[in-house]
Amino acid sequence: MTAVRDVDFSKVPGVLGRIVAGRVGDYRDADPSLGAARTGERRFEAALRAPELSLIAEVKRASPSQGAIAPLDPATAAREYAQGGASAISCLTEPRHFDGHLDALREVVGAVTLPVLRKDFVVHPAMLREAAEYGAAAALLMVSVLGEAVGEYLDIAHHLGLDALVEVHDERELEIALGSGARILGVNNRDLTTLNIDLAVSPRLIRRARDAGFGGVLVAESGYRTAADLAPVRGLADAVLVGSSLAGSGDLARATRELLTP
Ligand SMILES: O=P(O)(O)OC[C@@H](O)[C@@H](O)c1c[nH]c2ccccc12
């Protein structure tokens, strides 16, 4: 594996910049070695490739936009999402702003047979090594954080046998993602520098990716609360990523089922 280039993370703006700065500090002295290559089973990718819209349900206890959402037990929440019909689970592992933890990832992986995404602000190769060690099938890579270096992190993820959800929020980031070799693209409706949500972002960028000939998996992310909200991405996206509205519902299996019933 080639070494990753240095990224100037201090240029990341707004709320996102503050979150990223915390993670850069956490991993400043981390061991960058990756160890032996693992065969990728592409379980996350396969789970999202279905004729109907697939759901990635997120274990999310808190967020910068909402503060505390619900004191979920990660394993219980993941089981309820699976019962409700989710195709994959996303587990936040960022501690300061999302009340996540790597142990939560391990608990979720142990609780369900569904593939699990490590949802964090990846700024160091060690974070991908951990994702693989803790049993994740995939990790999030954000173009808003990694910029052009996203391709190198993608290679590391694949080296470790992980799928990568490469996330974009605007046209410029989409161009970088399309050039990176990503097989799974996520479009975040939330601008993480301001926390504003615009549900028109996903349909717009997903169409653009398809028009550019992207043949991989496309995921619409953030801000979905009801089955009706999903109408604009049905027949367009392969999957949706939903966290807060399910996590705060009080009955996760039921909320999951209702969300998936058009
Ligand atoms: O809670 P919501 O609005 O349903 O959003 C879920 C998920 O898309 C969101 O948590 C998210 C998308 N991309 C991220 C990057 C980092 C942290 C969190 C996220």
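Residues numbered from 1 in each chain as written. Predicted model: local features only at pLDDT ≥ 70, side-chain atom pairs only at ≥ 80, totals over all residues. Heavy atoms only, no water.

Cut-off, in case you're wondering: UniProt positions are given in the numbering used here, feature names are shortened, and annotations may be inferred rather than shown by experiment.
The name given to the protein chain in an unreviewed UniProt entry is indole-3-glycerol-phosphate synthase, with Deinococcus petrolearius as the source organism. UniProt, in the comment section headed Catalytic activity (unreviewed entry), describes the protein chain in these words: "1-(2-carboxyphenylamino)-1-deoxy-D-ribulose 5-phosphate + H(+) = (1S,2R)-1-C-(indol-3-yl)glycerol 3-phosphate + CO2 + H2O". UniProt annotates the protein chain under Pathway (unreviewed entry) with the comment "Amino-acid biosynthesis; L-tryptophan biosynthesis; L-tryptophan from chorismate: step 4/5."

## Brief notes about unusual backbone geometry
The line we're drawing: Helix and strand assignments come from DSSP, with helices taken as H or I runs of at least 4 residues and strands as E runs of at least 2, each series counted from the N terminus. Type-normalised accessible area, obtained with a 1.4 Å probe on protein chains alone, sets the label of each residue: buried when under 20%, exposed when over 50%, and partly exposed for intermediate values.
Positive phi is not limited to glycine here, since Arg-42 has a value of about 50°. Assignment of secondary structure puts Arg-42 in the loop between helix 1 (14-26) and helix 2 (43-48). By relative accessible area, which is 39% here, Arg-42 ends up partly exposed. We note that Leu-195 has phi near 75°; this positive angle belongs to a residue other than glycine. Examined against the element boundaries, Leu-195 turns out to sit in the loop between strand 8 (184-188) and helix 10 (201-211).

## Some words on the site of the ligand
Applied cut-off: Being near a molecule or strand, for a residue, means having at least one of its heavy atoms within 4 Å of it. A 3.5 Å cut-off defines polar contacts: any pair of N or O atoms within that distance qualifies, except that in protein one atom must be a possible hydrogen donor and the other a possible acceptor, and neighbouring residues in sequence count only when both atoms are side-chain atoms. Here the accessible surface of atoms and residues is derived via Shrake-Rupley with a 1.4 Å probe, and residues count as covered only by protein chains that are part of the display. Three classes are used, and their members are as follows: Ala, Val, Leu, Ile, Met, Phe, Trp, Tyr, Cys and Pro are nonpolar, Asp, Glu, Lys and Arg are charged, and the others, Gly among them, are polar.
The local shell around the ligand holds 18 residues, among which Glu-58, Lys-60, Glu-167, Gly-243 and Ser-244 are the closest. One nitrogen or oxygen atom from the side chain of Lys-119 is found 3.3 Å from an oxygen atom belonging to the ligand. In the model, a nitrogen atom of the ligand is placed 3.4 Å from a nitrogen or oxygen of the Glu-221 side chain. For the ligand, whose free accessible area comes to 440 Å², the fraction covered by protein is 98%. Residues of the shell around the ligand, tallied by class, amount to 7 nonpolar, 5 polar and 6 charged.

## Brief notes about helix 9 (residues 171-179)
The condition is simple: It is the directions from the helix axis to the C-beta atoms that the arc portrays. The contact rule is simple, with two residues in contact once any of their heavy atoms fall within 4.5 Å.
Within helix 9 the residues assigned to the buried category are Glu-173, Leu-174, Ile-176 and Ala-177. Relative to the axis of helix 9, the buried residues are bounded by an arc of 160° and lie together on one face. Pointing more than 90 degrees away from the buried face of helix 9 are the exposed residues Arg-172 and Gly-179. Considering only its buried residues, helix 9 is in contact with helix 7 (143-146), helix 8 (150-159), strand 7 (163-168), strand 8 and helix 10. Between a side-chain oxygen at the N-terminus of helix 9 and the backbone nitrogen of Arg-172 the separation is 3.3 Å; the capping residue is Asp-170. Phi turns positive one or two residues past the end of helix 9, at Gly-181, with a value near 90°.

## Focus: the sheet that holds strand 4 (residues 88-92)
We apply this condition: Any two strands with at least two DSSP bridges between them are considered paired. The axes used here are C-alpha line fits, helices contributing only the stretch in contact, and every angle between their N-to-C directions lies in the interval 0 to 180 degrees.
Spatial strand order, 1-4-5-6-7-8-9-10: 8 strands in a closed barrel with parallel pairing. Direction aside, the axes of adjacent strands within the sheet are offset by 25° on average. Of the pairings in the sheet, the one linking strand 6 (residues 138-142) to strand 7 comprises 5 bridges and is parallel in character. Along strand 7, the bridge assignment pairs Met-142 with Glu-167.

## Considering the packing of aromatic side chains
Two measures describe an aromatic ring pair: the distance that separates the ring centres and the angle between the ring planes. Note the threshold: Aromatic contacts are taken between Phe, Tyr and Trp rings whose centres are within 6.5 Å, Trp giving its six-membered ring; a plane angle under 30 degrees counts as stacked, one over 60 as edge-to-face, and the others as tilted. Throughout this description, the term charge over a ring refers to an Arg CZ or Lys NZ atom that lies within 6 Å of the ring centre and within 35 degrees of the ring normal.
Evaluated as defined, the whole model comprises 1 aromatic pair. Across the ring face of Tyr-134, the terminal group of Arg-106 is positioned such that the distance to the ring centre comes to 4.2 Å.

## A look at the pairing of strand 4
Most of strand 4 sits inside the fold, with 5 of its 5 residues counted as buried. Burial of strand 4 is two-sided: the residues Ala-88, Ser-90 and Leu-92 facing one way and the residues Ile-89 and Cys-91 facing the other way are all buried. Relative to strand 4, strand 1 (residues 54-59) runs parallel, the two sharing 4 bridges. Considered in strand 4, the bridge of Glu-58 is made with Ser-90. Sheet topology places strand 4 next to strand 5 (residues 116-119); 4 bridges connect them, and they run parallel. Residue pairing for strand 5: Cys-91 is matched across the bridge by Arg-118.

## Concerning the pairing of strand 8
Inclusion rule: When the strands point away from the viewer and the connection leading from the first strand across the helix to the second strand turns clockwise, the crossover is called right-handed.
With 5 of 5 residues buried, strand 8 lies mostly within the body of the structure. With burial as the criterion, each face of strand 8 is covered, one bearing Ile-184, Gly-186 and Asn-188 and the other bearing Leu-185 and Val-187. Pairing geometry for strand 7 and strand 8, over 4 bridges, is parallel. Looking at the pairing, Val-168 lines up with Val-187 of strand 8. Once you follow strand 7 into helix 9 and on to strand 8, the crossover reads as right-handed.

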